[in-house]
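# Notes for the structure review
Below are the chains, spelled out letter by letter.
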Amino acid sequence: MPAIDLHLHTTASDGAFSPADLVRMAFEAGLDCIAITDHDSTDGVTIAQEAGQGLGVRVIAGIEFNTMWHDQSVHILGYFVDTEHPELQEVIARQRDGRLYRAQKMIEKLAELDMPLEWEEILAGADGGAVGRPHIAKAMLAQGYVSAANEAFDIFLGHGKPAYVEQPKLTPSDAVMLLHRAGAAAGLAHPYNVEGADQVDLDSLVPELAAAGLDAIEAHYTGYGAEQRADILSMAARFDLIPTGGSDFHGGGILPQAELGAIHVPVESLQSLEATIEQRALA
């Protein structure tokens, strides 16, 4: 059976590896099919697909939108995205501007905590990609304010921590409908929280998103146990959602337990996503 990972990040958002390097690493890890799902960005997709052609790794165009639902962060994944879709790119540009504003405010908070950082250093670390908290964490590590990137999140940058700033975001339903207009299937990412914030009320969220047209939900994910997977699979069956999955690999100490090739996504999940896209195109 093909080895599949539908949730990976590159330097186009907050991953540690370039799109080409990530594809090479996926090849070396024995993966046959991957999805590049950078936060609020599709910039890494084309390069990754070109690298994949040379190595025989199928690369699906994806994205991960950071959205807000009742003051809680909810991430929505897009699979098989039309990266040239004008409305999608307009929204991405607005999201990117929001990320810049958020990063600047977080740096201001860190300065108030006697941990000053240079804005130019943050931008250089992003290397033209979308600026995110991992770039701030990397700068904090370089300055010796923390001993590891995950420590920066655990103490300062995580949800509810002293330097955390919320980003202006789409609603999850808006993201689902936008992804449909961009020709993509939409999935709920890591429904069980991995950042240590309050758990989202899935019994309220999932029916709302299903009504908006949600196609999938991540059941196979780094750190999930058998009970969590069973709960999500049951919810997927109840709302006729495709159970998808992926490692959420970033590298660089972000979600350090995530490993390429460690999550086994059933090929039926990929086939169901493809069928959903085809049916919607014919409707």
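Summary of the structure given here. (Residues numbered from 1 in each chain as written. Predicted model: local features only at pLDDT ≥ 70, side-chain atom pairs only at ≥ 80, totals over all residues. Heavy atoms only, no water.)

The next thing to look at is the environment of I263. Relative to the assigned elements, I263 resides in the loop between β7 (242-246) and α10 (267-282). Judged by its relative accessible area of 14%, I263 is buried. Considered as a pair, I263 and D154 are 109 residues apart in the sequence and their alpha carbons are 24 Å apart. With sequence-adjacent residues up to four places away left out, I263 is seen in contact with I4, H220, Y221, T222, G246 and S247. (Helix = DSSP H or I, 4+ residues; strand = E, 2+ residues; numbered from the N terminus. Buried < 20%, exposed > 50% of the residue type's maximum accessible area, 1.4 Å probe, protein only. Contact = heavy atoms within 4.5 Å.)

Our focus in this paragraph is the pairing of strand β5 (residues 185-188). Residue alternation in β5 divides its side chains into two sets, A185 and G187 and A186 and L188, and both sets are buried. Pairing of strand β4 (residues 72-79) with β5 involves 4 bridges; the strand directions are antiparallel. Along β5, the bridge assignment pairs I76 with L188. As paired strands, β5 and strand β6 (residues 216-221) are joined by 2 bridges and run parallel to one another. (Pairing = 2+ DSSP bridges.)

In total, this model carries 3 aromatic pairs according to the counting rule given. Taking the centre distance of 6.1 Å and the plane angle of 5 degrees together, the rings of F17 and F249 count as stacked. A residue pair is termed long-range when its members are at least 10 positions apart, and F17 in the loop between β1 (4-8) and α1 (19-28) and F249 in the loop between β7 and α10 qualify at 232 residues. Judged by relative accessible area, F249 falls into the buried class, the value being 9%. (Phe/Tyr/Trp six-rings, centres within 6.5 Å; stacked < 30°, edge-to-face > 60°.)

A separate point is helix α3 (residues 86-112). Helix length check: α3, at 27 residues, gives a terminal C-alpha distance of 40 Å against a target of 39 Å (1.5 Å per residue), a fit within 8%. Turning to α3, its buried residues number three or more, namely L88, V91, I92, Q95, R96, G98, R99, R102, A103, M106, I107 and L110. If you follow the buried residues of α3, they end up packed against β3 (58-69), α4 (119-126), α5 (133-142), α6 (149-157) and α7 (172-181). D114 sits one or two residues past α3 and shows a positive phi near 65 degrees. (Expected span 1.5 Å × (residues − 1).)

This part takes up α5. Counted residue by residue, α5 has 7 buried out of 10 residues, so it is predominantly covered. When α5 is considered as a whole, its buried residues turn out to be R133, P134, H135, I136, A137, A139 and M140. Looking at the buried positions of α5, the neighbouring elements they touch are α3, α4 and α6. Downstream of α5 by a residue or two, G144 has a phi angle that is positive, lying close to 80 degrees.

It is worth spelling out the side chain of S269 at this point. Looking at the secondary structure, you find S269 in helix α10. In this structure the side chain of S269 is engaged in a polar contact, spanning 2.4 Å, whose partner is the backbone oxygen of P243. (Polar contact = N/O pair within 3.5 Å; in protein donor to acceptor, adjacent residues only side chain to side chain.)

What follows covers the nonpolar core. Burial of nonpolar side chains together is a common tendency in soluble globular proteins. If you look at the biggest cluster of nonpolar residues, it comprises 35 residues, and the most contacted ones within it are F65, I76, L179, L188, L205 and I217. For this core, the elements supplying multiple residues, two or more each, are β3, β4, α3, α7, β5, α8 (202-212), β6 and α9 (226-238). Those residues within four positions of I217 in sequence are excluded, and the remaining contacts are L188, P191, V206, I232, M235, A236, L241, I242, P243 and T244. Core analysis: the second largest hydrophobic core is formed by 22 residues, V131, M140, V146 and A149 among them. (Core = buried A, V, L, I, M, F, W, Y, C linked by side-chain atoms within 4.5 Å.)

Let us now look at unusual backbone geometry. With a phi close to 50 degrees, D40 is a non-glycine residue in the positive phi region. Relative accessible area serves as the criterion here: at 0%, D40 is assigned to the buried category. One non-glycine residue, D248, adopts positive backbone phi at about 65 degrees. Topologically, D248 is positioned in the loop between β7 and α10.

Fair warning: the whole summary comes from geometry, so function is off the table for now.
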